[in-house]
Number of protein chains: 2
Amino acid sequence: MNRIKCIISYDGTLFSGYQVQPNQRTIQTDIETVLTKMHKGNPIRIHASGRTDTGVHAVGQVIHFDSEFNLLPEAWKRALNAQLPKDIYIKSVEIVDDKFHSRFDVVRKEYRYFIWNDKDENVFSRNQHYFFPFELDIVKMQEALNSLLGTHDFSSFCAANTDIKEKVRTIYKGTINKSEQGIVIALEGNGFLYNMVRIIVGTLIEVGQGKREVISVKNALLACDRAKAGKTSPPNGLFLWKVDYNN
Amino acid sequence: MNRIKCIISYDGTLFSGYQVQPNQRTIQTDIETVLTKMHKGNPIRIHASGRTDTGVHAVGQVIHFDSEFNLLPEAWKRALNAQLPKDIYIKSVEIVDDKFHSRFDVVRKEYRYFIWNDKDENVFSRNQHYFFPFELDIVKMQEALNSLLGTHDFSSFCAANTDIKEKVRTIYKGTINKSEQGIVIALEGNGFLYNMVRIIVGTLIEVGQGKREVISVKNALLACDRAKAGKTSPPNGLFLWKVDYNN
């Protein structure tokens, strides 16, 4: 048996998220269907670094699976890309130690959120950004974001409907930059709770609009109460950008 | 009656081109449907600078129509964008002299063609570029393109199935640039024949690959024979970029 690790990108627009769901098109289903076909009907199960929701994209999602085939990485890449639909692309393949696990071994994840902050919509990237035509004070947004860096209980920034009890996470880095591609909010941490990035972004946007004070973000964090944070921003601006492992 | 001129952009991916066709989704149909509804069922006909084919995009297409409504440009823009589908966007509106005509008054048009020239596909812009993973010599491509500048009979670079007899056109400018967005071929001229940009691009790609000599492009032009030029490149890389009028 060989354990195969892949870095994949996908445009989440036409998927009901990453995870298999009955009668829905999902990223996991599409990849498993191709792999199972390659293995003459023997079902192949893939494992990802984590799920992504409906409409959320990935530039550097990581998956792994086991196969008895002895293909070179480039041959795996070619074979998979030839059969996968156009909105999923295998960027690289590596044969890894069979103790590697794409979810359990994650040490760091980066998400990026794209806001198209212009008076006019850009039709070409409309599924890959949140169109927000009003003025945003990104200096204040960065100040508010800084108050979330470090290790905290992020209960206030987690969707209410989650099973996870342990809500302490560490955000190593959080930056906000404005360029021709719009405003990009990049967050790096050891893990993120359900909807955490989107709730942080939604809260920062309220700060940027002047609807909320900078200090209110720190206060929301300390309250450990979802109701104290802002709205969940739309999924289509969100990208799982990079997943890091030891070595 | 007021004559209204609009600069519009659209993502051509999900349209069967610009022009009305029975039982097809077209840009013209979608805009006329919205305008006709606004005018309580009085049919409004729009006129564009020219058609675009299935899958071809526009950043700066120009249309005009007549209306008895006395709206300010910003009100027109808001009303139309509120009702149009997400893949069409009205960028600007102007009330113009009623002698203005979006097609007859064109003095210059610019098209741009995007080639994603990387070993890996970019899933996010897959409908807005031609993915070409092989090496291209853009110096040779530019040299070949230079031989097409000026006023010529472009019969060799026109789809065979066209009614237009007069095939002399002037290309004022043609540039090829490589950036993070890929290779961009920009052409400006007084008008372009059916498929002309896509046939020029397809021919230049053959030059860039070394499948065809630079000089063969000039020879193809002089032959006035479609068979002497290269393949028609796919529509999804093509953008109607800008349309200029006098004043």
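Here's a quick rundown of the structure. Bear in mind that the values here come from a model prediction, so they are computed numbers and not experimental data.

1. Focus: helix α2 (residues 73–83) of chain B
Residues three or four positions apart in an α-helix share a direction because the helix packs 3.6 residues into each turn. Residue and element names in this part refer to chain B. Turning to α2, its buried residues are W76, K77, L80 and N81. Axial view of α2: buried residues confined to an arc of 115°, hence all on one face. Turned more than 90 degrees from where α2 packs its buried face, R78 and A82 sit exposed. For α2, the elements touching its buried residues are β1 (2–10), α1 (27–38), β3 (57–67) and β4 (88–96).

2. Looking at the interface of chain A and chain B
Chain A puts 22 residues into the contact, and the matching count from chain B is 22 residues. Between chain A and chain B, a total of about 1,600 Å² is buried, with carbon and sulfur atoms accounting for 56% of that surface. The largest per-residue losses of area from chain A upon contact with chain B belong to Y89, F124 and R126 of chain A, which jointly make up 40% of the total buried on that side. Across the salt bridge formed by R126 of chain B and D11 of chain A, the nearest N and O atoms sit 2.9 Å from each other. For the interface between chain A and chain B, the tally reads eight residue pairs in polar contact (both at pLDDT 80 or more).

3. Some details on the layout of surface pockets
The space that makes up the largest pocket amounts to roughly 1,600 Å³. Together, 41 residues line the largest pocket, and S125 and Q181 of chain A together with N122, S125 and Q181 of chain B are the ones closest to its centre. Those elements that provide at least two residues to the lining of the largest pocket are β5 (106–116), β8 (168–179) and β10 (238–245) of chain A together with β5 (106–116), β8 (168–179), β9 (182–189) and β10 (238–245) of chain B.

What counts, and where the lines are drawn
- Residues numbered from 1 in each chain as written.
- Chains lettered and ligands numbered in written order.
- Predicted model: local features only at pLDDT ≥ 70, side-chain atom pairs only at ≥ 80, totals over all residues.
- Heavy atoms only, no water.
- Buried < 20%, exposed > 50% of the residue type's maximum accessible area, 1.4 Å probe, protein only.
- Helix = DSSP H or I, 4+ residues; strand = E, 2+ residues; numbered from the N terminus.
- Arc of directions from axis to C-beta.
- Contact = heavy atoms within 4.5 Å.
- Buried area = accessible area lost by both parts, 1.4 Å probe.
- Salt bridge = Lys/Arg side-chain N within 4 Å of Asp/Glu carboxyl O.
- Polar contact = N/O pair within 3.5 Å; in protein donor to acceptor, adjacent residues only side chain to side chain.
- 1 Å grid on protein atoms, 1.4 Å probe; cavity = no way out; pocket = protein on both sides within 12 Å on 5 of 7 lines; lining within 4 Å.
- Points joined across faces, edges and corners; volume = space filled by probe spheres on them.

All we've got here are geometric facts, nothing functional implied.
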